[in-house]
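# Structure assessment
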Amino acid sequence: MTARQPIRIQGLRKDYNQAGRLVPALDGIDLDIQGGAIFGILGRSGAGKTTLIRCLNRLETPSAGRILLGETDLAALGPVELRRQRRRIGMIFQHFHLLHSRTAAENIAAPLEIAGVTKPERQKRVDELLELVGLAGRGKAYPSQLSGGQKQRVGIARALAADPDVLLSDEATSALDAETTAQILDLLRDVNRRLGVTIVLITHELSVVKSICDGAALLEGGRLVEAGALRDLVADPSSRLGQWLLPALPEVPSDGRHLELRYGGRGGDTILSDLTLHLGQSPALLGGGVEQVAGTSVGRLLIRLPHDADLDSVFAFLGTRGVWAVVR
Ligand SMILES: Nc1ncnc2c1ncn2[C@@H]1O[C@H](COP(=O)(O)OP(=O)(O)O)[C@@H](O)[C@H]1O
Ligand SMILES: [Mg+2]
């Protein structure tokens, strides 16, 4: 596994000509993505997600700004250098984009053929890739003979054929059912761990981010609303992404007795029984829950304190346990 290079996006702008007017699809994006991470880009339809990813693989030429992959500015490359650098980036798509007249193996070999890899080497590489994506022995199948999930496995193998530093995914699980989505996400995580490839994944589904991403960004109207490591986002009460990643809470009357608690890691798992011991009475648990986010458990609970509980002492106690709290 080689050390993968970070992606640093600086002042990225993309204007489209719409009816004679230049309209920004991306309006000054600054974003750092750690090498080897799985990074999710969230946003509604029209937010600029696809434009961002098309700038990353240079299917679009940015109007301004820099896209640094390691030391190379992808935004500034001429055609010859661009062809070479593009091999560092693989891409998978919602509708797979496979060639239907070619077998799975031929689809996977296509980028290698273009790169001038010899036939025996191609065959060896294709076999490795089929094995990697769980399709060993299925190389002779045509796309029409494969399920949606298997087609996406072929798409992933093809994207990895030239051993890229970065794998881009534009809604690659949006056309798949829930079970197949989970399998493809498992495969992406496996590929990320085994090959160290950085994965940038566009999605409108929070569950996708929750299950495999290390970090995420939220786009809105071509601007970056926020970005960060998932564990930092969930720990930040002002983060919108953090709010969405945590379990929702029910509405309660604001009578000064309801507390929202948040914690990360395992420290908070016994907080209710600890608090019961501290108070000499049990608080009521009204909602919330514990989720796995970025591989750690994060909790968000809504509790009602007993009538005579002393708030200052409760806050002090929660503080000693590393649990964040606010009156709701
Ligand atoms: N080729 C294009 N020409 C003109 N406008 C475009 C083009 N591609 C995208 N846009 C516009 O840019 C904005 C962002 O689109 P897109 O990146 O596809 O968003 P998302 O993937 O988040 O749904 C939208 O307003 C869209 O209409
Ligand atoms: Mg899109």
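Residues numbered from 1 in each chain as written. Chains lettered and ligands numbered in written order. Predicted model: local features only at pLDDT ≥ 70, side-chain atom pairs only at ≥ 80, totals over all residues. Heavy atoms only, no water.

## Looking at the packing of helix H3 (residues 104-114) against helix H5 (residues 148-160)
- At their nearest, the axes of H3 and H5 sit 7 Å apart, and the two run at 25° to each other. Classed by the angle they form, the pair H3 and H5 counts as roughly parallel. In this structure, H3 crosses over H5, and the sense of that crossing is right-handed. When H3 is examined against H5, the residues Ala104, Asn107, Ile108 and Pro111 are found in contact with a partner set consisting of Val154, Ala157 and Arg158.
- Looking at the contact of H3 with H5 residue by residue, the classes come out as 5 nonpolar, 1 polar and 1 charged. (Axes fitted to C-alpha atoms, helices over the stretch in contact; angles between N-to-C directions. Helix = DSSP H or I, 4+ residues; strand = E, 2+ residues; numbered from the N terminus. Parallel < 35°, antiparallel > 145°, perpendicular 65-115°, else oblique. Left-handed = near helix turned anticlockwise from the far one by under 90°. Contact = heavy atoms within 4.5 Å. Nonpolar A, V, L, I, M, F, W, Y, C, P; charged D, E, K, R; others polar.)

## With respect to the packing of helix H10 (residues 271-279) against helix H11 (residues 311-320)
- At a minimum axis distance of 11 Å, the contact between H10 and H11 shows a crossing angle of 140°. Our classification of the angle between H10 and H11 gives oblique. The handedness of the crossing between H10 and H11 is right-handed. Two secondary-structure elements touch here, H10 through Ile271, Asp274, Leu275, His278 and Leu279 and H11 through Ser313, Val314, Phe317 and Leu318.

## Description of the environment of Asp308
- Examined against the element boundaries, Asp308 turns out to sit in the loop between strand S13 (296-304) and H11.
- Note: C-alpha distance between Asp308 and Leu279 (29 residues apart in sequence) is 9.3 Å.

## Regarding the domain arrangement of the protein
- Segmentation of the protein into domains returns domain 1 (7-235) and domain 2 (250-327).
- Its C-alpha centre places domain 1 at a distance of 40 Å from the equivalent point of domain 2.
- Tallying the contact residues gives 5 residues for domain 1 and 7 residues for domain 2.
- Summing both partners gives a buried area of about 570 Å² for domain 1 against domain 2, and 56% of it is carried by carbon and sulfur.
- For the domain 1 face of the interface with domain 2, the top three residues by lost area are Lys210, Arg231 and Val234, together amounting to 77%.
- Counting every contact that joins domain 1 to domain 2 gives 1 salt bridge.
- When the shortest N-O distance is used, the salt bridge between Glu291 and Lys210 registers 3.4 Å.
- Counting residues per element, the side of domain 1 that touches domain 2 draws most heavily on helix H8 (residues 230-235), which supplies 3 residues.
- Each residue belonging to the side of domain 1 that touches domain 2 can be placed in one class, and the counts come to 3 nonpolar, no polar and 2 charged. (Domains from an automatic or database assignment. Buried area = accessible area lost by both parts, 1.4 Å probe. Salt bridge = Lys/Arg side-chain N within 4 Å of Asp/Glu carboxyl O.)

## A short note on the sheet that holds strand S2 (residues 21-33)
- Strand order in the open sheet formed by 4 strands is S2-S1-S4-S5, with antiparallel pairing between adjacent strands. Of all strands in the sheet, those bounded by a partner on one side alone are S2 and strand S5 (72-73).
- Across 2 bridges, strand S4 (residues 64-69) lies against S5 in antiparallel orientation. Bridge pairing links Leu68 to Asp73 in S5.
- Along the sheet, helix H1 (residues 49-56) makes contact with strand S1 (7-18), S2 and S4, crossing S1 at roughly 115°. (Pairing = 2+ DSSP bridges.)

## Concerning the site of ligand 1
- Taken together, the residues surrounding ligand 1 are Tyr16, Gln18, Ala25, Arg44, Ser45, Gly46, Ala47, Gly48, Lys49, Thr50 and Thr51.
- Separating a nitrogen atom of ligand 1 from a side-chain N or O atom of Gln18 is a distance of 2.9 Å.
- Here an oxygen atom of ligand 1 and a backbone polar atom of Gly46 are 2.7 Å apart.
- When isolated, ligand 1 has an accessible area of 560 Å², and the protein chains bury 61% of it.
- Contributing elements (two or more residues each) for the shell around ligand 1: S1 and H1.
- With 3 residues, the top contributor of residues to the shell around ligand 1 is H1. (Near = heavy atom within 4 Å. Polar contact = N/O pair within 3.5 Å; in protein donor to acceptor, adjacent residues only side chain to side chain. Areas by Shrake-Rupley, 256 points an atom, 1.4 Å probe, with all protein chains shown as cover.)

## Let's talk about the nonpolar core
- Counting 49 residues, the largest nonpolar core has Ile156, Leu160, Leu167, Leu188, Leu201 and Leu230 as the members making the most contacts within it.
- Listed in part, the 28 residues of the second largest apolar core include Leu31, Ala47, Ile202 and Ala217. (Core = buried A, V, L, I, M, F, W, Y, C linked by side-chain atoms within 4.5 Å. Buried < 20%, exposed > 50% of the residue type's maximum accessible area, 1.4 Å probe, protein only.)

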